[in-house]
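Examining the three-dimensional arrangement
What follows is each chain in one-letter form.
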Amino acid sequence: MPNSASAYGSDYVRWRRRLTDHAATAAAALTTILVLAPLLAIFGYLIYRGAGTLSWAFLTRTPAPVGEVGGGMANAIVGSGTILAIACALGVPLGVGSGIYLAEYGRNRLGNLIRFTADVLNGVPSIVVGIAVYALIVLRQKHFSAFSGGVALGIMLIPTVTRATEEMLLMVPHSIREAALGLGVPEWRTTLSITLRTALPGVITAVMLGFGRIAGETAPLLFTAFGNQFWNLRPDQPTAALPLQIFAYAISPYDEWHRQAWAGALVLILLIVGTVAAVRLIAARGTVKGAA
Amino acid sequence: MSPHLVVPGNPARPGPRREETAAPSRPRGAPTKPRGLSAGQLADRLFRYAMLACGLSVIAIVVLIVFELFQGSRLAINEFGLKFFIGTDWDPVSGEFGALPFLYGTVVSSLLALVLAVPLALGVAVFVTEICPRPLRAAVSFASELLAAIPSVIYGLWAIFVLVPLLRQDVEPWLQSHLGWSGLFEGPPYGIGMLAAGVILAIMIVPIISSITREVMVAVPRQQREAALALGATRWEMIRMSVLRNARAGIVGAIILGLGRALGETMAVTMVIGNRPEIAKSLLAPGYTLASVIANEFSEATGDLYLSALFEIGLALFLVTIVVNALARLLVWSVTRGTPARAHAQ
Amino acid sequence: MGVGIEVGQLSAWFGRTQALFGVSLNAAANHATAIIGPSGCGKSTFIRCLNRMHETNLEARVEGQVRIGGQEIYGSGTNPVELRRRVGMVFQKANPFPTMSIYDNVAAGLKLNGVRNRRRLDEVVERSLRSAALWDEVKDSLKKKSGASLSGGQQQRLCIARALAVEPEVLLMDEPASALDPIATAKIEDLIFELKQRYTVVIVTHNMQQAARVAEFTAFFLMGRLIEFDQTQKIFTNPSDKQTEDYITGRFG
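Since this is a predicted model, take the numbers as computed values, not measurements. (Residues numbered from 1 in each chain as written. Chains lettered and ligands numbered in written order. Predicted model: local features only at pLDDT ≥ 70, side-chain atom pairs only at ≥ 80, totals over all residues.)

This brings us to the sheet that holds strand 10 (residues 225–231) of chain C. Residue and element names in this part refer to chain C. Across the sheet, 6 strands lie side by side as 6-7-8-3-9-10; this open sheet has mixed pairing. Only two strands of the sheet have a single neighbouring strand rather than two, namely strand 6 (87–90) and strand 10. Strand-to-strand, the axes of this sheet are offset by a mean angle of 15°, without reference to chain direction. One ladder, built from 4 bridges, connects strand 6 with strand 7 (residues 170–174); its direction is parallel. For M89, the partnering residue across the bridge sits in strand 7 and is L172. Docked against the sheet, helix 1 (residues 43–50) engages strand 3 (32–36), strand 6, strand 7, strand 8 (200–204) and strand 9 (217–222), running at close to 155° with respect to strand 8. (Pairing = 2+ DSSP bridges. Helix = DSSP H or I, 4+ residues; strand = E, 2+ residues; numbered from the N terminus. Axes fitted to C-alpha atoms, helices over the stretch in contact; angles between N-to-C directions. Contact = placed C-beta atoms within 7 Å.)

This next bit is on the packing of helix 6 (residues 152–165) of chain C against helix 7 (residues 182–198) of chain C. Residues and elements named next belong to chain C. Close contact between helix 6 and helix 7 brings their axes to 9 Å; oriented N to C, the two are set at 20°. The angle between helix 6 and helix 7 falls in the class roughly parallel. Relative to helix 7, helix 6 is oriented so that their crossing is right-handed. From helix 6, G152, G153, Q156 and I160 reach across to helix 7, where they touch A184, K187, I188 and L191. Tallied by class, residues from the contact of helix 6 with helix 7 come to 4 nonpolar, 3 polar and 1 charged. (Parallel < 35°, antiparallel > 145°, perpendicular 65-115°, else oblique. Left-handed = near helix turned anticlockwise from the far one by under 90°. Nonpolar A, V, L, I, M, F, W, Y, C, P; charged D, E, K, R; others polar.)

With that settled, the discussion passes to the confidence of the model for chain A. Residues and elements named next belong to chain A. Summary statistics for chain A give a mean pLDDT of 87 and a share of 94% for residues scoring 70 or more. With pLDDT under 50 throughout, residues 1–6 is counted as low confidence; its partners more than four residues away or in other chains account for 9 contacts. Taken as a whole, residues 287–292 scores under 50 in pLDDT and shows 18 contacts with residues more than four places along the chain or in a different chain. (pLDDT = per-residue confidence, 0-100.)

Residues and elements named next belong to chain B. In this model, chain B carries an average pLDDT of 85, and 86% of its residues clear a pLDDT of 70 or more. Across residues 1–24, confidence stays below pLDDT 50; counting only partners more than four residues off in sequence or on other chains, it has 42 contacts. Here residues 338–346 is modelled with pLDDT under 50, and outside its nearest four sequence neighbours on either side it reaches 16 contacts, counting other chains as well. Both scores are given for the predicted complex: the pTM is 0.85, the ipTM 0.90.

A few words on the pairing of strand 1 (residues 5–14) of chain C. Residue and element names in this part refer to chain C. Of the strand pairs in this sheet, strand 1 and strand 2 (residues 17–27) are connected by 7 bridges, and their pairing is antiparallel. Looking across to strand 2, one finds that V7 is bridged to L25. From the end of strand 1 to the start of strand 2, which pair antiparallel, there are 2 residues, and G15 there has a positive phi angle of about 65°. Inspection of the sheet shows strand 1 paired to strand 4 (residues 60–68) by 8 bridges, in the antiparallel sense. If you follow V7 over to strand 4, its bridge partner there is V66.

Right, let's talk about the nonpolar core for a bit. Core analysis: the biggest nonpolar cluster contains 277 residues, and A159, A196, I200 and V272 of chain B have the highest contact counts within it. Excluding residues that lie within four positions of it along the chain, I200 of chain B makes contacts with Y155, A159, L163, A268 and V272 of chain B. (Core = buried A, V, L, I, M, F, W, Y, C linked by C-beta atoms within 7 Å. Buried ≥ 20, exposed ≤ 12 C-beta atoms within 10 Å, placed from the backbone.)

For residues other than glycine, phi is negative in most cases, and the peptide bonds are mostly trans. Residues and elements named next belong to chain C. One non-glycine residue, E167, lies in positive phi territory at about 55°. Inspection of the secondary structure assignment puts E167 in the loop between helix 6 and strand 7. Within the chain, M223 stands out as a residue other than glycine whose phi angle is a positive 50°. Tracing the backbone shows M223 in the loop between strand 9 and strand 10. The exposure class assigned to M223 is partly exposed, which follows from the 14 C-beta atoms found within 10 Å.

Structure below.
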């Protein structure tokens, strides 16, 4: 075939283009490996350093006095549980409610303002939320508490839940709402029992993802829950939390505490990874997408 | 289907994907109340108000946060004014509150993180969306999700015991001997310092930059890719010409979002930056960031002025991250609007 | 100068679905061949096999021979990237690069091939835009306007210019005027008349009058099979196959 291509791109150019293509592919693959390597390293290390110290005793005992071996993070685990429960009690209803408002009633300027504000809230650094809640609650109550910690984390949970609820509700086809309304179901009932119910899997996964995010947060708890070396189940007292404990132990000069920090980190990461994996499983089973 | 009764108190309003219709509220034949509201309508009204209250609470929370930040910093603002951010000495013991070292630390560590993270994140995004064979795709993106889910304190823990020794023993000496001429690597290689902070921040922000970049790349229409291929472009040329070019506003947005994240990061940075309020040219030197000084010194702050100064730092951090994030979202939105892809960050 | 296309027993699949069943035809050099048929009959799949664009689809598979200018394009010696320079394509919906100016759009293919000389680029851009009957309309805003800021018909002519700039031998057109108004369509059809003289044109169209106007040869496809291939005159006045007759008289499709 008369190759007019010889007027185009000498052999060198063609070779260079092919080389660039291959080089780019290799570079992209290489960067992917580079990015995933720390993931393996971190998980590997967590298991390597943490598994040894992780034991039933670790999960059920409170910290031992400085210098002594043994003890655990039971109070931190339970404390985190308390704080997170408060956070969800605050964040989930407000978040879902806001999401419902935005989806069902919020196609107006007020709705846009709420959306914008939720986005702003999402971007506020967690330490700033911490000091704001400190001023708002801790200063006024004159003591640290699990409650204030829960409020701080709950505030961080709201934007995620709001956004997700709105999106999931909007994905529910209008015909479903109309069918219910046409049967005489009042609007509020339709929204709750029909529309929300249909969107529920998606909302739940979003709540779980948000939960996973706040479960690991340390900064907002520094000046609210504050931490505690002993058992505390009262929400109005300083309370231990897993991330706080890990932080305190990590920066301490004691080897034993370092070991405990790794074990605590392993517990925390298992909790979070479990949540993420569960979310993926639910999504993969296809029950996320509201109604067909 | 119920008739379209326009009942007072329940005016027609737009709903999701709905043309303007009056809200049907009662089936034909049910007793209608000409005046006042029936129980059903009352319940609807109450429900709507309750949902509205939830929405308003979001606004209320942000207002409260801003209010408390301003209240808390009032003392410091009155005392120092804007000179607060130009002062280079932070010595609470003698009453000196200059926040420039923290600004410097935050900016430098974040920029360093960006320099390291952006090429990596773009590479991953290109790989996953264009090159990776299908079956691997889910695994890689799951791995990326996992990376994003690791809490800051655990990154910090790993950084203290693995990254810092690595830097101290291997990386920093190497940098000193090979790139020492740049003046960026002077001073003893502690391991702890600006470089460590930059590296751990980079690892932390790669997932978010990468996932938004992936979203905007996927939003580029197929026809654009085909236009390049049909012209005789290699795969990389097609990616460069059609995908990256078309998505560039969104990619910039993703990068800025990553920057926003880096600016506000607290725990991991605090654990490895050295916490010394100094401005040094060397990346090997310890530093301090806006977020770290609050984390370290807030509970120990003695005296109202000290505490107020920290509040003012918090306020500054708040304002900076808002502006950066708003800019980022604007850019991302401009590329992904009109597509069903979710146009928001995690 | 255009070259001939010889297609022998071409079959194509999307995954497990077969879209083309053993199609054989010859498209004559420097002539226009039209491909007509109802929606889903495989017209687009067919021409996308001619520049190996079909294989960019997921799980796409091709069997058979396609020779362009005597060279087997599915042979091991052919690089798809080079093939696509020699076999240009214009799509149903005009797809100029929106982030590039008109000039850059037309020059895109040249730059890919390593042409850097400013004067050469200017020459080719002007020549291609003239060939696409777009030069007069855009010559004053070549670098100022973006490719996407033109009207639909102009965008399509821009895409034609872009394809012509790399001096292909064949021009494939997949329903190029279906998204355009009658005036713009007429302009494109006039263009094809002229392009025929220098290139081999294969045009997919659902508009039978268009096929009659611009093409010397027409192929009628139905459900992935080539039903009839002959001179356009004959297809439209005296088709040999009953299915062809049913289609052109409007009994279906």
